[in-house]
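# Topology and contacts: notes
Below, each chain spelled out in residue letters.
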Amino acid sequence: MNNNIYDILKERGFIAQVSDEDALRRMLGGNPITFYVGFDSTATSLHAGSLVPIMVMKHLQQAGHRPIAIVGGGTTMVGDPSGKTEMRKMLSEEAIRKNGQTIQAQLDRYLHFDGKKSLALDNADWLLPLNYVEFLREIGRHFSVNRMLAAEAYKMRLEKGLSFIEFNYQLLQSYDYLTLFQKYGCSLQMGGDDQWGNILAGTDLIRRVEGAKVEAMTFPLLTTASGAKMGKTAYGTIWLDSGLLKPYDFYQYWVNCDDLDVGRFLKLYTFLELAEIKELQALKGSDIRKAKQALAYEATSITHGEKAAKEAQASASTAFGTGEGKPGRDLEAMPATTISRERLTGGINPAELFTEVGLSSSRGEAKRLIKQGGLYVNDKQIRSLNQQLNEADLTPNGILLRAGKKKYHRIIVDL
RNA sequence: GGGCAGGUACCAAAGUGGACAAAUGGGGCGGGCUGUAAACCCGCAGCGGUAACGCUUCGGAGGUUCGAAUCCUUCCCUGCCCA
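## Considerations on the overall build of chain A
The secondary structure content of chain A amounts to 19 helices and 13 strands. For chain A, the spread of C-alpha atoms along the three principal axes comes to 80 × 50 × 40 Å. Expressed as a percentage of the 415 residues in chain A, the buried residues total 47%. Contacts in chain A between residues at least 24 apart in sequence constitute 74% of all its contacts with a sequence separation of at least 6. By element, 51% of the accessible surface of chain A is carried by carbon and sulfur atoms, the whole surface being about 20,500 Å². When the 51 positive and 48 negative side-chain charges of chain A are each reduced to one mean point, those points stand 3 Å apart.

In structure tokens, the structure reads:
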């Protein structure tokens, strides 16, 4: 009974709300359908938070359905107020366009757009040319302000203030769905659970305008067991772009996840069979690491490819493996800075150097870290504030700086 | 357009002439413990300085004062109520 992709998604924890469960299951179990997910163009790159929609899209694609990924070149111009406490900063048209292009390129790695069986579109294409009055007459009249105001998503904003531009977001997103329905026969829209209202508004609009019934589905908004948003950590955002975040660090993100999250994450972020996941989940105590490594490997492989995943795994096991001591972390993956030999000969204040390479944000902070024993040179703790770095600290690999337990930077000395 | 209440650090929120580089909570960071986890314990907290101390911060710009986050003027922004 579990051949239906809908059941699989459900079992893996991808589904928060659906418009009509039976209808959707029937649809997904039948002939190929076209579905879509919208991505905002607010950031320069996608991050781990977008992985859930991506995974769902891949699942459905593998089941034979046709994905459309919409980049929100038009909607981002307006800004979605749903669930937000404040109005978003206005981005320039130029920035939005660029973000959109990058994001499409990133999505392509997962979905392989070919313009036929898999589409990437930008809603700027149909949203920007709209004529205001015409739009109001044809689309606006279908929306009830009363109903919109009553929506949970706007509640917060009704207390803090909601500008008219944002209030229109829902109309635009609904219009997207309508357009895709008309042009591509798209009959399912998905998105984060905060999008529920917007998505339903779209299905309503299609019913009113076209008299057709289409479906809606949302994903749960995930947080880690400790309550943090997916994809944000102390070390920064977990970008999906290897230029912004090394595959090694991406791998580390998953290995470092909370014990309580492993099972859930395996189901969401890997394609491993549920049976296999069950086994991994059964691990206890420090064996849980194995489950985390499997998670990290699979997730990295999906995003950065098998080769990168293997490399990351290898580096990680050298760095943290069973062996004692501190052999080579991945020197290649480590950020590095080159300094001149003369400078080193003259002696360098460590606080200065750590700050310069970004391991601390100011000299004051660096000094504080030294006092607390949090800075290391070649894995030896810096003990005193007046300790200087010089040629004696130079190793064949340069000089290895470390702040805290996991943040490294390598200094290469120019000859 | 009118009335009222506000704008303080990453967020929330105290402070209403000197003891304020600014309470508290969350978050963050370092150390310890550990399994590259969680929980827990200890510590840190603008920038420069080993320190004494100096410099720059409380929406913006001016002003009063020996002294302003705190008082005055003005501008900008936000919320609530009325139109």
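Back to the write-up after that little detour.
## A few points about the packing of helix α3 (residues 51-62) against helix α4 (residues 93-111)
Helix packing geometry: the angle between the two helix axes and the distance between the axes. Contact geometry for α3 and α4: axes closest at 10 Å, N-to-C directions at 40 degrees. Looking at the two axes, α3 sits oblique to α4. Viewed along their axes, α3 and α4 form a crossing whose handedness is right-handed. The segment α3 lies against α4, with L51, I54, M57, K58 and Q61 engaging L107, Y110 and L111. For the contact of α3 with α4, the residue count by class is six nonpolar, one polar and one charged.

## Description of the sheet that holds strand β2 (residues 34-39)
Spatial strand order, β1-β6-β5-β2-β3-β4: six strands in an open sheet with mixed pairing. Lying at the two open borders of the sheet, with one neighbouring strand each, are β1 (17-18) and β4 (119-122). Pairing geometry for β2 and strand β5 (residues 186-192), over four bridges, is parallel. Opposite V37, over in β5, you have M190 as the bridge partner.

## Here's the deal with the environment of P350
Within the element layout of this structure, P350 appears in helix α18 (residues 350-356). Residue classification places P350 among the buried positions, given a relative accessible area of 1%. With residues near it in sequence (within four places) discarded, P350 still touches I382, Q387, Q388 and L389.

## Points about unusual backbone geometry
Backbone geometry places N378, a non-glycine residue, at a positive phi of 50 degrees. Along the chain, N378 falls in the loop between β10 (375-377) and β11 (380-381). A residue is classified by how much of its surface remains accessible, and N378, at 23% relative accessible area, is partly exposed. A positive phi is found at D379, a non-glycine position, where the angle reads about 70 degrees.

## With respect to the pairing of strand β3 (residues 66-71)
The buried fraction of β3 amounts to five of the six residues, a majority that puts the element mostly inside the structure. Where β2 and β3 come together, six bridges link them in parallel fashion. Of the residues in β3, the one forming a bridge with F35 is P67. What joins β2 to β3 is α3, and the crossover it makes is right-handed.

Definitions and cut-offs
Residue numbers run consecutively from 1 along every chain, following the written order of its sequence. Each chain takes a letter, starting from A, and each ligand takes a number, starting from 1, following the order in which they are written. Given that the model is predicted, a residue must reach a pLDDT of at least 70 before its local features are reported, and side-chain atom pairs must reach 80 or more before they are shown or counted; all residues, however, enter totals for whole chains, interfaces and linings. Water and hydrogen atoms were dropped before computing side-chain values, which therefore reflect all heavy atoms in the structure. Numbering of helices and strands runs from the N terminus, with a helix taken as a DSSP run of H or I at least four residues long and a strand as a DSSP run of E at least two residues long. Only protein chains enter the accessibility calculation, which uses a 1.4 Å probe. A residue is then buried if its area is under 20% of the maximum for its type, exposed if over 50%, and partly exposed in between. Contacts were defined at the residue level, with two residues in contact if any of their heavy atoms lie within 4.5 Å. Only the protein chains shown count as cover for residues, and the accessible areas themselves come from Shrake-Rupley with a 1.4 Å probe. In this tally, Lys and Arg are treated as positive and Asp and Glu as negative; His is ignored, and so are the chain termini. By convention, charge coordinates are those of NZ in Lys, CZ in Arg, CG in Asp, or CD in Glu. Between the N-to-C directions of two axes lies an angle of 0 to 180 degrees, each axis being a line fitted to C-alpha atoms and, for a helix, fitted only over the stretch in contact. An angle below 35 degrees is read as roughly parallel, one above 145 as roughly antiparallel, one from 65 to 115 as roughly perpendicular, and any other as oblique. Take the far helix as the reference: if the near one is turned anticlockwise from it by less than a right angle, the crossing is left-handed, and if turned clockwise, right-handed. As a working rule, the residues Ala, Val, Leu, Ile, Met, Phe, Trp, Tyr, Cys and Pro are called nonpolar, Asp, Glu, Lys and Arg charged, and the rest polar, with Gly in that last group. Here, any two strands with at least 2 DSSP bridges between them count as paired. By convention a crossover is right-handed if, when the strands point away from the viewer, the path from the first strand over the helix to the second runs clockwise.

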